[in-house]
Amino acid sequence: MYRFLLTPRWWGINVFVLLAIPFCIFMGSWQLSRFEGRVQEEHAANRQAASDSSEAARPLDSMLPVDKATSGRRVTAHGQYGTQLLVPGRQLDDKDGFYVLTLLRTGTGKALPVVRGWLPGRADASKAPAPPRGEVTVTGALQASETPGDNGVSAQGGLPAGQTAAISSASLVNLVPYRLYDAWVTLDKADSGMKAVPAAAPDGTGLDLKAFQNLGYTGEWFVFAGFTVFMWFRLLRREVEAARDAELGLAPAEDAAPVTVSSGG
């Protein structure tokens, strides 16, 4: 009854199934490992954020360039405040508002963007307190330059003078007359009645949409593996039933000759 399994057609089906199932399991396991890696990164980022708030601040230049290991770490820099800009469309504690961004001119000849704090409402330069004068030392969390359009950062153009949508050297280079660090700092303690802006996790870490896409792909690959097994058994059952019907003479006589009726005379 099962001799049909030795036919070329079923050899092809069996080989496909034997290759497809391990492949689906491998891909599902790989996607699951990527999701688990994101979970571990989230836990590591939380532990780092907790430790960073109490660790001693290190000189800015010793923590550059910004990567996953240095993002969020406390740094210190010295210089004088210069040009001040506003960053509209930023939320804090579920309220709309804007960042007050001031460029710190350092002794290296480069300027460091410093978020001195957050204020509620529409971006208004008259609401933003003026930066301290003279030589200052700033301490805060190191952050990588933002990418417009990612992680909620606006890609809006045509903003009024004195405003920028993203905090990045690429966005600021045409707005300020300084050479810029490819990084920025958010102060531990905001200036002049503003609220401090918490450090954000580095890009590509944490339980973001991409992490849950990995989890969804995991389920899809395992479903494909199960579907392949289901279809193989379904085809096998149909073949067995057809063979049994043929043995009992219940199969339709496909090759029977047509009956010809001749007229008398």
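Attention shifts here to the pairing of strand S7 (residues 184-187). Residue alternation in S7 divides its side chains into two sets, Trp-184 and Thr-186 and Val-185 and Leu-187, and both sets are buried. Bridge count for strand S4 (residues 110-120) against S7 is two bridges, and the pairing is parallel. Paired with Val-114 across the bridge in S7 is Val-185. Relative to S7, strand S5 (residues 135-143) runs antiparallel, the two being bridged by four bridges. The partner of Gly-140 across the bridge, within S7, is Leu-187.

Below, the discussion takes up the nonpolar core. Nonpolar side chains in soluble globular proteins tend to end up buried together. By size, the foremost hydrophobic cluster in this structure holds 16 residues, and its most contacted members are Leu-60, Tyr-81, Leu-104, Leu-112, Val-114, Val-138 and Leu-142. Elements with a contribution of two residues or more to this core: strand S2 (74-92), S4, S5 and S7. Not counting chain neighbours up to four residues away, the residues in contact with Val-138 comprise Val-75, Thr-76, Ala-77, Tyr-81, Leu-104, Val-114 and Leu-187. Membership of the second largest hydrophobic core comes to 15 residues, among which are Val-87, Leu-92, Val-176 and Val-197.

There is a patch of nonpolar side chains on the surface, built from Leu-6, Trp-11, Val-15 and Leu-19 and spanning about 460 Å² of accessible area. Topologically, Trp-11 is positioned in helix H1 (residues 8-52). Under the relative-accessibility criterion, Trp-11 is labelled exposed at 51%.

As a further point, take unusual backbone geometry. For residues that are not glycine, phi is negative in most cases, and the peptide bond is trans in most cases. Cis geometry is found at the peptide bond from Leu-64 to Pro-65, where omega equals 0°. Structurally, Pro-65 is set in the loop between strand S1 (58-59) and S2. Positive phi is not limited to glycine here, since Asp-93 has a value of about 55°. Tracing the backbone shows Asp-93 in the loop between S2 and strand S3 (95-105). A positive phi angle, close to 65°, is found at Asp-94, a residue other than glycine.

Once their charged atoms are close, side chains differing in charge can pair, the charge on each being opposite to the other. Counted by the stated rule, this structure contains six salt bridges. With a shortest N-O distance of 2.7 Å, Arg-74 and Asp-188 are connected by a salt bridge. Note that Arg-74 is positioned in strand S2 and Asp-188 in the loop between S7 and helix H3 (209-247), a separation of 114 residues in sequence. With a relative accessible area of 16%, Arg-74 lands in the buried category. Asp-188 sits in the partly exposed class, given a relative accessible area of 35%. For Glu-241, the salt bridge identified is with Arg-237, shortest N-O distance 3.2 Å. Here the residue Glu-241 and the residue Arg-237 both occupy positions in helix H3, the gap between them amounting to four residues, near one helical turn. Residue Glu-241 is classed as partly exposed on the basis of its relative accessible area of 35%.

Thresholds applied
- Residues numbered from 1 in each chain as written.
- Predicted model: local features only at pLDDT ≥ 70, side-chain atom pairs only at ≥ 80, totals over all residues.
- Heavy atoms only, no water.
- Buried < 20%, exposed > 50% of the residue type's maximum accessible area, 1.4 Å probe, protein only.
- Helix = DSSP H or I, 4+ residues; strand = E, 2+ residues; numbered from the N terminus.
- Pairing = 2+ DSSP bridges.
- Core = buried A, V, L, I, M, F, W, Y, C linked by side-chain atoms within 4.5 Å.
- Contact = heavy atoms within 4.5 Å.
- Patch = residues over 30% accessible without salt bridge, like charges linked within 9 Å, V, L, I, M, F, W, Y side chains within 5 Å.
- Areas by Shrake-Rupley, 256 points an atom, 1.4 Å probe, with all protein chains shown as cover.
- Salt bridge = Lys/Arg side-chain N within 4 Å of Asp/Glu carboxyl O.

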